[in-house]
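Close look at the chain arrangement
Next come the chains, spelled out residue by residue.
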Amino acid sequence: MRIPMIAGNWKMNTTVSEAIELVNEMRQELDQIDNVDKVICPPFVSLAAIKEVIEGSSIKLGAQNIYFEEKGAYTGEISPLMLADLCEFVIIGHSERRQHFNETGEIVDKKVKAALKVGLKPILCIGERLEENEAGRTEEVLTEQLNSSSDRIYYFSGLVLAYEPIWAIGTGRAATGEQANETIGFIRQYISQQHGEKVAHNVRILYGGSVTADNIAEFINQPEIDGALVGGASLKASEFLSIVKQTSEI
Ligand code: 13P
């Protein structure tokens, strides 16, 4: 069976001291919740400090981005080797990076491969824009995004996917549980066709987009949905704890 996962993407929020405070607020309770992978993804600058705060607990750490080269003259970038030392997961291909930082499918693919090479587990984000959704092009867009992401089975065995419809991110307009389940079912079916049933059955696929403590149940009770990638609601300790708790109880 696939273990559910709740990952908090803090995006560009919290100073180092605020990040430590937020983790301290939920560390003990979060640590005690079983049957769900609990991942927090703070900004790069807080990773080292938070690694220490969660040492010895069941809370896992993730980064929000990565560069694909191992080292060298790439001023300002963070390499896979640096991250492998600090965390277990890394979010790759978030729509905000595709949109604001011009990340193409090719770049995303390079990043996923670079992460896997050093043993980091990518949380690969895919999702369609509102106009693509309204034009009935969701499956086509997702297929394109999945296609630009390599042809090898190992690739899908090593990662977590997150379906994040762009129109649902930060808008308060989440997809319905049925909508998300249907689309994630499509993604799983596509992976099955490309890489076989076993790979498709084992890969965890999360939903992301305006997930809160009030609507998480709607998603995690769906058979195809293995958890959530949570943005805004992951910045409030009580809200994130409630999301994780509800997920552990399904
Ligand atoms: P919100 O939960 O704030 O809509 O953000 C979702 C997201 O982008 C997580 O990666």
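Located above this text is the structure these notes cover.
Quick look at the structure, then.

Criteria and cut-off values
Throughout, residues of each chain are indexed from 1 in the direction in which the sequence is written. It should be noted that, the model being predicted, local features are given only for residues of pLDDT at least 70 and side-chain atom pairs only at 80 or more, the latter also being counted only at that level, while totals for whole chains, interfaces and linings use all residues. Heavy atoms throughout the structure, all of them, feed into the side-chain values; hydrogens and water do not. For this description, a residue counts as near a given molecule or strand if any of its non-hydrogen atoms is within 4 Å of it. Definition of a polar contact: a pair of N or O atoms within 3.5 Å, with one able to donate and the other able to accept a hydrogen when the atoms are protein atoms, and with sequence-neighbouring residues admitted only if both atoms are side-chain atoms. With residues, only the protein chains shown are counted as cover, and all accessible areas are computed by Shrake-Rupley using a 1.4 Å probe. Every axis corresponds to a line fitted to the C-alpha atoms, with the helix fit spanning only the stretch in contact, and the corresponding angles, defined between N-to-C directions, vary from 0 to 180 degrees. Only DSSP runs of H or I reaching four residues or more are called helices, and only runs of E reaching two or more are called strands; each is numbered from the N terminus. Oblique is the label for any angle not under 35 degrees, not over 145, and not in the 65 to 115 range, which are roughly parallel, roughly antiparallel and roughly perpendicular in turn. The crossing is said to be left-handed when, going from far helix to near helix, the turn is anticlockwise and less than a right angle, and right-handed when the turn is clockwise. For this analysis, residues touch if any pair of their heavy atoms sits within 4.5 Å. Put simply, Ala, Val, Leu, Ile, Met, Phe, Trp, Tyr, Cys and Pro go in the nonpolar bin, Asp, Glu, Lys and Arg in the charged bin, and everything else, Gly too, in the polar bin.

A word on the site of the ligand
By nearness alone, 13 residues border the ligand, and Lys-11, His-94, Gly-170, Ser-210 and Gly-232 come closest of all. A distance of 2.7 Å is found between an oxygen atom of the ligand and a backbone nitrogen or oxygen belonging to Ser-210. One of the backbone nitrogen or oxygen atoms of Gly-232 is found 2.9 Å away from an oxygen atom of the ligand. Surface burial for the ligand is 94%, taken as the share of its 310 Å² of free accessible area covered by protein chains.

Remarks on the packing of helix α1 (residues 16–31) against helix α12 (residues 237–248)
Orientation of α1 relative to α12, taken along the N-to-C sense of each, is 25°, at an axis distance of 9 Å. Classified by the interaxial angle, the pair formed by α1 and α12 is roughly parallel. Relative to α12, the crossing made by α1 is right-handed. Judged by residue contacts, Leu-22, Glu-25, Met-26, Glu-29 and Leu-30 of α1 engage Ala-237, Phe-240, Leu-241, Val-244 and Lys-245 from α12. Across the contact of α1 with α12, the residue classes tally to 7 nonpolar, no polar and 3 charged.

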